Amino acid sequence: MHRFLLVSGDKELAARIKLALESVATILSADPAVDSVEEVAAQFRPEGVLVDSDIRLGARTAFERLATVRDWFPGLPMIVIGNESGAQLILTAMRAGAQDFIDRDAAEDDIRDVVARHALTERPRSTAASRIVTVLTGYSCEEDSDLAVNLGAAVASARPDDGVLLVDLALPASNAAISLGVELSFRVKEAVKEMSRLDRALLDSALARCPRSGLYVMPLAIHGDAEWAVNVHDLRALLEICQALYDVVIVSCGPFSRQEELLSLPEEGALFLLPCNQRFTSIKGAAELLRMMRQFRPQGEEPVLVVHEFASGMAPDTAGIGNAVGAARTIELPVRWQELAESVNRGEPLSLDPSTSYAQCLTRHLRTLNLIPDRGVEQDRMQPLKSWARKFGVFS
């Protein structure tokens, strides 16, 4: 999927362009009359710019308006949208530095063809070391949300200087409020409405934050919420912006786990976690989702199967589950149902209790997955003399 910024204040035009390009590009619209377009672009990192020839930029000529946008994005392809019957406008657009032109009433296929000509073959990568971690749901159960919450809390607690965000797409409502002991208010719906003005300061002030771990939470829906619906295209654009703003973004997909547009968002090599337990229904759901992932992302790294083994003497065991699902990599998080349920009821993530085997195993796996720093490495960073002494065999 490519990323294009649409500079326009025309909501009807924005809807048409998004619909036409939904299969090939993520579109974020910004209105220069009310938005800081350059700041929006800095968050979104587009590969190209679509410009409405009728944008409002003061009492300027069409050439001055288009030339201003060209100056904002000198290194990106610029495509102007206007009335093709006006030959003078096409000439003006080219003089202002546009690479192509789209008629305002063009068919969807024509719009896609023009954009495809200027889309990069490879998406530019961010220089920031941000990561997106996707928690899938093969078969609907609360354990998947529990894993996402405990994962987020553990990563945020181990990385206090970094921004860690959990985007919870669970339906009919997010359980993160209960699991973390916080009040959720700023949802995906509000974030989408403010998408052209989102920045880290706005989100940090609006989002709920777990006081014990520092984890930020953005739910799709909360209990008692009747209006949560969001366009998947807008949701994808929002996740791309969040990835640019936070160091780690954990997406608990829930019912969106089979939505190809979201699954194609993370770059090649991104981490996907697929929770599973000992129930045959859970195993079957995980196996089906894994097969689907291989079709959606044939070049990507396979999801890591995460087994919550509630009863050690019960069949199948972790190895048997991994074989049944066909997973290339399986990790185990031993926990009793009662232990996990009690932590949820207390509003205290089990991953923050280092005395539990669950927290110990999760921490070990997160280090292996490079989601949290190795404790020894961090100590060495703070104690260089000790690090040198270890190299010479003074410390073991």
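Before reading further, recall that the structure is shown in the block above.
About the cut-offs
- Residues numbered from 1 in each chain as written.
- Predicted model: local features only at pLDDT ≥ 70, side-chain atom pairs only at ≥ 80, totals over all residues.
- Heavy atoms only, no water.
- Buried < 20%, exposed > 50% of the residue type's maximum accessible area, 1.4 Å probe, protein only.
- Helix = DSSP H or I, 4+ residues; strand = E, 2+ residues; numbered from the N terminus.
- Arc of directions from axis to C-beta.
- Contact = heavy atoms within 4.5 Å.
- Pairing = 2+ DSSP bridges.
- Salt bridge = Lys/Arg side-chain N within 4 Å of Asp/Glu carboxyl O.
- Polar contact = N/O pair within 3.5 Å; in protein donor to acceptor, adjacent residues only side chain to side chain.
- Phe/Tyr/Trp six-rings, centres within 6.5 Å; stacked < 30°, edge-to-face > 60°.
- 1 Å grid on protein atoms, 1.4 Å probe; cavity = no way out; pocket = protein on both sides within 12 Å on 5 of 7 lines; lining within 4 Å.
- Points joined across faces, edges and corners; volume = space filled by probe spheres on them.
- Axes fitted to C-alpha atoms, helices over the stretch in contact; angles between N-to-C directions.

A separate point is helix 2 (residues 37-44). Three or more residues of helix 2 are buried, namely Val 37, Val 40, Ala 41, Gln 43 and Phe 44. Down the axis of helix 2, the buried set is contained in an arc of 160°. They therefore lie on one face. Exposed side chains of helix 2 directed beyond 90 degrees from the buried face belong to Glu 39 and Ala 42. Contacts made by the buried residues of helix 2 are with strand 1 (2-7), strand 2 (25-30), helix 3 (62-72) and helix 10 (232-245).

Now for the pairing of strand 9 (residues 216-219). Neither face of strand 9 is exposed, since Tyr 216 and Met 218 on one face and Val 217 and Pro 219 on the opposite face are all buried. Of the strand pairs in this sheet, strand 7 (residues 164-168) and strand 9 are connected by four bridges, and their pairing is parallel. Note on strand 9: the bridge partner recorded for Val 167 is Met 218. Sheet topology note: the strand 8 (residues 208-209)/strand 9 ladder contains two bridges and is antiparallel. Residue Arg 209 lies in a different strand from strand 9, and its bridge partner there is Tyr 216. The hairpin turn running from strand 8 into strand 9, its antiparallel successor, is six residues long, and Gly 214 in that turn takes a positive phi close to 90°.

Let us look at the pattern of salt bridges. Counted by the stated rule, this structure contains 20 salt bridges. Note that Glu 227 is salt-bridged to Lys 189, the shortest N-O span being 3.1 Å. Taken together, the residues span a long stretch of sequence, with Glu 227 in the loop between strand 9 and helix 10 and Lys 189 in helix 8 (residues 188-193) at a distance of 38 residues. On the accessibility criterion, Glu 227 (52% relative accessible area) is exposed. On the basis of relative accessible area, Lys 189 is assigned to the buried category, the value being 19%. Salt bridges here are not isolated pairs; linked through shared partners, they connect Arg 3, Arg 236 and Glu 240.

To continue, consider the side chain of His 118. Within the secondary structure, His 118 sits in helix 5 (residues 108-118). The buried category is assigned to His 118, whose relative accessible area is 17%. Within polar-contact distance, the side chain of His 118 engages the side chain of Asp 100 at 2.9 Å.

Here we take up the packing of aromatic side chains. For the structure shown, the criterion picks out two aromatic pairs. An angle of 85° between the planes, with centres 6.5 Å apart, marks the rings of Trp 72 and Phe 73 as edge-to-face.

With the exception of glycine, the majority of residues adopt a negative phi angle, and the majority of peptide bonds are in the trans configuration. For the peptide bond that leads from Leu 171 to Pro 172, omega is 10°, which places it in the cis range. With respect to the element layout, Pro 172 can be found in the loop between strand 7 and helix 7 (176-180). Here Ala 315 and Pro 316 are connected by a cis peptide whose omega angle stands at 0°. Tracing the backbone shows Pro 316 in the loop between strand 12 (304-307) and helix 13 (318-325). Not every positive phi belongs to a glycine, and Arg 45 is a case in point at roughly 55°. Considering the arrangement of structural elements, one finds Arg 45 in the loop between helix 2 and strand 3 (48-52). Unlike most non-glycine residues, Asn 370 shows phi in positive territory, near 60°.

Scanning all chains against the criterion turns up three cavities of 30 Å³ or more. By volume, the largest cavity is sized at about 60 Å³. Every residue along the wall of the largest cavity is listed here: Leu 147, Leu 151, Leu 273, Val 306, Ile 331, Leu 333, Leu 362, His 365, Leu 366 and Leu 369. Mapped by element, the contributors of at least two residues to the lining of the largest cavity are helix 6 (142-158) and helix 15 (357-368). Per element, the largest residue contribution to the lining of the largest cavity is three residues, and it comes from helix 15.

When helix 14 (residues 337-346) is considered as a whole, its buried residues turn out to be Glu 339, Leu 340, Ala 341, Ser 343 and Val 344. Looking at the buried positions of helix 14, the neighbouring elements they touch are helix 6 and helix 7. Downstream of helix 14 by a residue or two, Gly 347 has a phi angle that is positive, lying close to 75°.

Quick look at the sheet that holds strand 13 (residues 330-332) now. Spatial ordering of the open sheet is given by 8-9-7-10-6-11-12-13, a layout of eight strands whose pairing is mixed. This sheet does not close on itself; its edge strands, each paired only once, are strand 8 and strand 13. Strands strand 11 (271-276) and strand 12 of the sheet are contacted by helix 12 (residues 280-296), whose axis makes an angle of about 155° with strand 11.

A separate point is the environment of Gln 360. Considering the arrangement of structural elements, one finds Gln 360 in helix 15. Gln 360 sits 33 residues away from Ala 327 along the chain, and the two C-alpha atoms are 23 Å apart. Leaving out residues up to four positions away in the same chain, Gln 360 has contacts with Pro 354 and Ser 355.

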